[in-house]
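Chains, contacts and geometry: an overview
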Amino acid sequence: SSMEERRADIDAEIRQRRLKAGGRFQNGSIRASLIWHTYDDLDLHVVTPDGEHIFYAAKQSRCGGELDVDRNAGGDRTREPIENIRWAKGTAKPGKYRVYVQNYGYHETVHNAIPFAVELDIDGKITRFEGKTSAGITGPASNIDAFEFDYTAEQSVSANADDHVSYTDEVILAAW
């Protein structure tokens, strides 16, 4: 299957999970959504231009960002998890943002590497990052940067793609 088909499958999966999770995904300035496919607890983190850190322990930021869906943290687990951090239209401050993924903890018996995808929507322009956590590693040591970008309203994103490994279609398709 082609790169386009694979992207379409991942897009459809992200859309379906967002709808099911009930997060607010429309009319945003910035939205980052994370999906993976295990019971493990991956966490989406965003550091804002003010240096605020949005994640499960600080779901609302003073600058308007909000983590509105946090999955697989407690006993209610799914193999179709999604996490979502967003700014409502017109509320995101200009400046540098960092989006990263952390493996908070394993809930599966085997502590494998966990493939994941992050979708970044900036004023309607969507960019994707696909990565994999390292097997057996949790906490800050497991952090993987998905995006760093400078935001100015109604602008396009340039992802910092230099510091992550590209996975082959076969690896990613097998994972999904």
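Here the structure is shown first, and the text comes after it.
The sections below set out a description of the structure shown in this document. (Residues numbered from 1 in each chain as written. Predicted model: local features only at pLDDT ≥ 70, side-chain atom pairs only at ≥ 80, totals over all residues. Heavy atoms only, no water.)

What the four strands build is an open sheet, ordered E3-E2-E6-E9; its pairing is antiparallel. Unpaired on one side and paired on the other, strand E3 (53-54) and strand E9 (144-151) mark the two borders of the sheet. Bridge analysis of strand E6 (residues 95-105) against E9 gives seven bridges, and the strand direction is antiparallel. Each bridged residue has a counterpart across the sheet, and for Val101 the counterpart in E9 is Ile144. (Pairing = 2+ DSSP bridges. Helix = DSSP H or I, 4+ residues; strand = E, 2+ residues; numbered from the N terminus.)

Glancing now at the pairing of strand E8 (residues 125-132). The sheet contact formed by strand E7 (residues 115-122) and E8 spans eight bridges and is antiparallel. Bridged to Asp121 within E8 is Ile126. Connecting E7 to the next strand, E8, in antiparallel fashion are two residues, including Asp123 with a positive phi near 50°.

Its location among the elements puts Ile114 in the loop between E6 and E7. Residues Ile114 and Gly131, 17 residues apart in the sequence, show an inter-C-alpha distance of 8.4 Å. Leave out the neighbours within four places in its chain, and Ile114 touches Trp36, Thr38, Asp40, Leu42, Asn103, Tyr106, Gly131, Lys132 and Thr133. (Contact = heavy atoms within 4.5 Å.)

The full count for this structure, using the stated rule, is nine salt bridges. Lys96 is paired through a salt bridge with Glu148; the nearest N and O atoms lie 3.8 Å apart. With Lys96 in strand E6 and Glu148 in strand E9, this pair connects stretches of sequence that are 52 residues apart. According to the relative accessible area criterion, Lys96 is partly exposed, its value standing at 46%. Looking at Glu148, the relative accessible area reads 26%, which means it is partly exposed. (Salt bridge = Lys/Arg side-chain N within 4 Å of Asp/Glu carboxyl O. Buried < 20%, exposed > 50% of the residue type's maximum accessible area, 1.4 Å probe, protein only.)

Turning our attention to the sheet that holds E7. Taken in spatial order, the five strands of this open sheet run E4-E5-E1-E7-E8, and their pairing is antiparallel. Each edge of the sheet is formed by a strand with only one pairing partner; in this case those strands are strand E4 (66-69) and E8. Each strand axis lies, on average, 20° off the axis of its neighbour in the sheet, ignoring direction. Alignment of strand E1 (residues 28-36) against E7, held across seven bridges, turns out to be antiparallel. (Axes fitted to C-alpha atoms, helices over the stretch in contact; angles between N-to-C directions.)

In this structure, Trp87, Val99, Phe116, Val118 and Phe149 are the most contacted members of the largest nonpolar core, which totals 28 residues. Looking at this core, the elements that each hand over two or more residues are E1, strand E2 (41-47), strand E5 (82-88), E6, E7 and E9. The element that contributes the greatest number of residues to this core is E9, accounting for five residues. If you look at the next biggest cluster of nonpolar residues, it comprises six residues, including Ile10, Ile35, Val69 and Ile82. (Core = buried A, V, L, I, M, F, W, Y, C linked by side-chain atoms within 4.5 Å.)

This paragraph deals with the packing of aromatic side chains. Any pair of aromatic rings gets described here by the distance separating the centres and the angle formed by the planes. Scanning the model with the defined rule gives seven aromatic pairs in all. When the ring centre of Tyr100 is taken as reference, the NZ or CZ atom of Arg98 above it lies at 4.1 Å. (Phe/Tyr/Trp six-rings, centres within 6.5 Å; stacked < 30°, edge-to-face > 60°. Lys NZ or Arg CZ within 6 Å of the ring centre and 35° of its normal.)

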